[in-house]
Amino acid sequence: MSIVKVATIQFEPKLFHVQENCVRIAEYISSTQADIIVFPELATCGYFFINRKEVTLASLEFVSPEMNEFQRLATVFGRIVIVGFAEQFDHAYYNSAAVFHPDKQKSRVYRKTHLFYKERFVFNEGDTGFFVIHDEERDVKIGTMICYDWRFPESARSLALHGADLIVCPSNLVTHIWTSVMPTRAIENKVYLAVANRWGNEERTIHETDGTESTEVLSFNGQSSIYSYNGEILAQSLAVGDDVRIVEIEPQKTRDKSFNAYNHIFDDRRSKFYSI
Ligand code: ACM
């Protein structure tokens, strides 16, 4: 039974300050003593973009000097690193999470499937679907979803059906109800779940076409959490402030989906009744 250390990094990315954010991320990758390190959604650039041009200025390609540096550190330290970033690819822009494996061949990008609120005005809908990366050395299978994907039980279920032991969820959460629901996602799929959420506010002034102006503030509520497969909170940050939480998990414990002699949460599914 392997024991794997999982870390959530809670910090306050600075909107548009890509280089500064990337330096902080690199420092956390180097200094955090864990096998798997999860950063928030859009950790490289901040969240509240109000037009497409802004995203073009703050986005990175998966193959770029900044991302290459994260890959290099993942390889040097032997860590799996998940970083939310605004991704430019082929004239499209995605709200993505890069999953850096020490073996570069295994590194991949997940593009957010379900866009939240005004993200639809600046990002393309994700087209990668849900996938799992198997780290053979530690025998852990990691699936990624991003923030608002939690609202759709299909996201976590797809990852669990693909074999995830651990779901990582880079987030910029602005409501509080997720704290009630995330443990359920863990229980109903019998998986560990690590939510790395940012904290802080972003205030933007919006210039309307009729000449009026309005101000909008988004408040991100921290509380980054790591849940066990039975929904128990293993670690939780406060709502405000930079914080690193590290817990040990036993991935193989998620693999037997039976919970008594007669019931198995996957084998008992009656999928023919689930379509409309
Ligand atoms: C969210 O998807 N950032 C709430």
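Preceding this paragraph is the structure being described.
So, a few notes on the structure that sits alongside this text. Owing to the predicted nature of the structure, the values given are computational and were not obtained by experimental measurement. (Residues numbered from 1 in each chain as written. Predicted model: local features only at pLDDT ≥ 70, side-chain atom pairs only at ≥ 80, totals over all residues. Heavy atoms only, no water.)

## Quick word on the pairing of strand S3 (residues 80–89)
Applicable threshold: Relative accessibility decides the category of a residue: with a 1.4 Å probe and only protein chains considered, values under 20% of the type maximum give buried, values over 50% give exposed, and everything between is partly exposed. Only DSSP runs of H or I reaching four residues or more are called helices, and only runs of E reaching two or more are called strands; each is numbered from the N terminus. Two strands qualify as a pair provided DSSP detects at least 2 bridges between them.
In terms of residue burial, S3 counts as a mostly covered element, since 8 of its 10 residues are buried. Inspection of the sheet shows strand S2 (residues 36–38) paired to S3 by 3 bridges, in the parallel sense. Bridge assignment links Ile 37 to a residue of S3, and that residue is Val 81. Here S3 runs beside strand S4 (residues 92–100); their pairing, made up of 9 bridges, is antiparallel. Along S4, the bridge assignment pairs Phe 85 with Ser 96.

## Describing the pattern of salt bridges
Heads up, the rule is: Any Lys or Arg side-chain nitrogen found within 4 Å of a carboxyl oxygen on Asp or Glu counts as a salt bridge.
Evaluation of the coordinates by the stated rule reveals 18 salt bridges. Between Arg 111 and Glu 87 there is a salt bridge, and its shortest N-O distance comes to 2.7 Å. Pair noted here: Arg 111 is in strand S5 (residues 108–111) and Glu 87 is in strand S3, with a separation of 24 residues, a long-range link. The class of Arg 111 is buried, set by a relative accessible area of 9%. Judged by relative accessible area, which is 2%, Glu 87 ranks as buried. Glu 188 is the partner of Arg 185 in a salt bridge, and the nearest nitrogen-oxygen pair spans 2.5 Å. Remark: Glu 188 and Arg 185 occur in helix H5 (residues 178–189); sequence separation between them is 3 residues, near one turn of the helix. Its relative accessible area of 9% is what places Arg 185 among the buried residues. In this structure Glu 188 comes out as partly exposed when scored by relative accessible area, which is 26%. The network of salt bridges with shared partners includes Asp 35, Asp 135 and Arg 138.

Read these as geometric descriptors, not functional statements.
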